[in-house]
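If you want the building blocks of each chain, they are given just below.
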Amino acid sequence: VPVYEGALVVKRNNARVATWFTSKEDARFAELHECGFDVLNFPRKGRGGGIAFIFNFEKIRPTGNKVIGFKSFEVAECIIKSENGIIRLCTIYRTTQTKTKEKYNETRVNAFLEEFDKYLDELVTKTGYPIICGDFNFHVEKPDNFYAKKFLSLYESKGFVQHVKDSTHISGGTLDLILSLPSAIDSLPINDLFVDSNTGTTSDHYLVSFNLPIKTSITSRNIKTKQVREFSKINTSSFREDLFFSPVNFTDFESVDHAVNLYMSTMENILNKHAPLVTRKFISRRSVWWNPNCQKARSEAKKAQRKLKKNPDDVELKEIYNEKCIDKAIIIDR
């Protein structure tokens, strides 16, 4: 999906991909939230750009994954759990520079083809139906374009098909593409694909939208409200002093009941002073549907996390940990 130049919209369930978000967009995200939307934001380091998914949080609860390890393109994945199966919506942006020497441009394209080949091999082994959307900056509408032919040959060799046929750029050219596997098309046909030149923005790319006929069901979290005391915040010296000078230590008790009642009331007053009751929300750790598969997914994610802590700069371990977290989120339906 274009980072600078445009956006792609998946209308069904309001899962959307937008651009030009930075890491400091709290005010804008708050406005979106008031309209019933939330954001999975993956900003680019440095000036501008990045990838984001905007979705209706009342209809879907996706899991985001920023794929790392590729230098020639940006890619992020949005994993959606539906009654049709797991959908892995991938958005890609391949940057280009128009003022580069031809030799350097060829090197950049070859680097992209090599890395994209590797990414597709990894993608088909991941959980879910992959649907790839993005600004690839190849003129696939030109059958004699050398680079476009190599790109087309690459994704077709992996079994992917391309759906966009119309021009997606103000100067002409089909640059923004949608790729999917035939097995995914059978279960999740891409319907009502439309390229809209009237984007309402200054972008030189057009808006590409389509529908996915999916059904989602959100399981409500088992949230309980409790009143608790925050004992860890008690100043023990002050608490001990109040306890020492309390009426319990300076009263002649008339009976056992009198002593118990005075002790209980005194302790309650001291606790209310040092650790007053506060209301907290808790998510139940074990639901009725918790099973060995949930436990296994959680254990594998923790195992991957421990390995990553020992080697925090290992790109492969980061990718493994991200995938384990996604698998855990898919199995343990949030």
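None of the values given here were measured: they were computed from a predicted structure.

Enquirer: Account for unusual backbone geometry, with residues named and values stated.
Expert: The backbone of N137 shows a phi angle near 60°, a positive value even though the residue is not glycine. Mapped onto the elements of the fold, N137 is located in the loop between β8 (129-135) and α3 (146-157). Look at D192: it is not a glycine, yet its phi comes out positive at around 55°. The topology assignment puts D192 in strand β11 (residues 191-196).

Enquirer: Could you give an account of the pairing of strand β12 (residues 207-211), naming the residues involved and the relevant values?
Expert: Of all five residues in β12, four are buried; the element is thus mostly enclosed. Across four bridges, the pairing between β11 and β12 is antiparallel. For D196, the partnering residue across the bridge sits in β12 and is L207.

Enquirer: Give me the lowdown on the nonpolar core, citing residues and values where you can.
Expert: In summary, soluble globular proteins display a tendency toward joint burial of nonpolar side chains. With 25 residues, the main nonpolar core has F116, Y119, I132, F136 and F151 as its most contacted residues. Contributions of two or more residues to this core are made by β7 (85-93), α2 (102-123), α3 and β10 (176-180). Among the elements that line this core, the one with the most residues is α2, at seven residues. Every residue in contact with F116, bar those within four places of it in the chain, is listed here: F73, I92, F136, F151, L154 and L179. Of all hydrophobic cores here, the second largest spans 23 residues; its members include F53, I178, L188 and Y206.

Enquirer: Give a detailed account of α3, specifying residues and quantitative values.
Expert: In this model α3 runs 17 Å from its N-terminal to its C-terminal C-alpha over 12 residues, within 8% of the 16 Å that 1.5 Å per residue would give. For α3, the set of buried residues is Y147, A148, F151, L154 and Y155. Angular distribution of buried residues about the axis of α3 spans 125°; they occupy a single face of the element. Away from the buried face of α3 by more than 90 degrees, exposed residues F146 and S157 are located. Following α3 by one or two positions, G159 has its phi on the positive side, about 95°.

Enquirer: Can you explain the pattern of salt bridges? Please cite residues and give values.
Expert: In total, this model carries 11 salt bridges according to the counting rule given. For K126, the salt bridge identified is with E319, shortest N-O distance 3.4 Å. One end of the pair, K126, is in the loop between α2 and β8; the other, E319, is in helix α8 (residues 315-331), with 193 residues separating them in the sequence. The same class applies to K126 and to E319, which are both buried. When salt bridges that share partners are traced, they join E77, R88, K126, E319 and E323 into one network.

Cut-off values and rules
Residue numbers here run from 1 along each chain, matching the order of that chain's written sequence. Only residues with pLDDT of 70 or above have their local features reported here, since the model is predicted, and side-chain atom pairs are shown and tallied only from 80 upward, although totals for entire chains, interfaces and linings are computed over all residues. The basis for every side-chain value is the complete set of non-hydrogen atoms in the structure, without hydrogens or water. Strands here mean DSSP runs of E at least two residues long; helices mean DSSP runs of H or I at least four residues long; both are numbered from the N terminus. For every residue, the accessible area obtained with a 1.4 Å probe (protein chains only) is divided by the maximum for its type, and the residue is called buried under 20%, exposed over 50%, and partly exposed between those limits. Two strands form a pair only when DSSP identifies at least two bridges running between them. For this analysis, a nonpolar core means a set of buried residues of the types Ala, Val, Leu, Ile, Met, Phe, Trp, Tyr and Cys, connected via side-chain atoms within 4.5 Å. We call two residues contacting when some pair of their heavy atoms lies within 4.5 Å. Expected span of a helix, by definition, is 1.5 Å for each gap between consecutive residues, and there is one gap fewer than residues. Starting at the helix axis, one direction is taken to each C-beta atom, and the arc is that of these directions. By convention in these notes, a salt bridge is any Lys or Arg side-chain nitrogen within 4 Å of a carboxyl oxygen on Asp or Glu.

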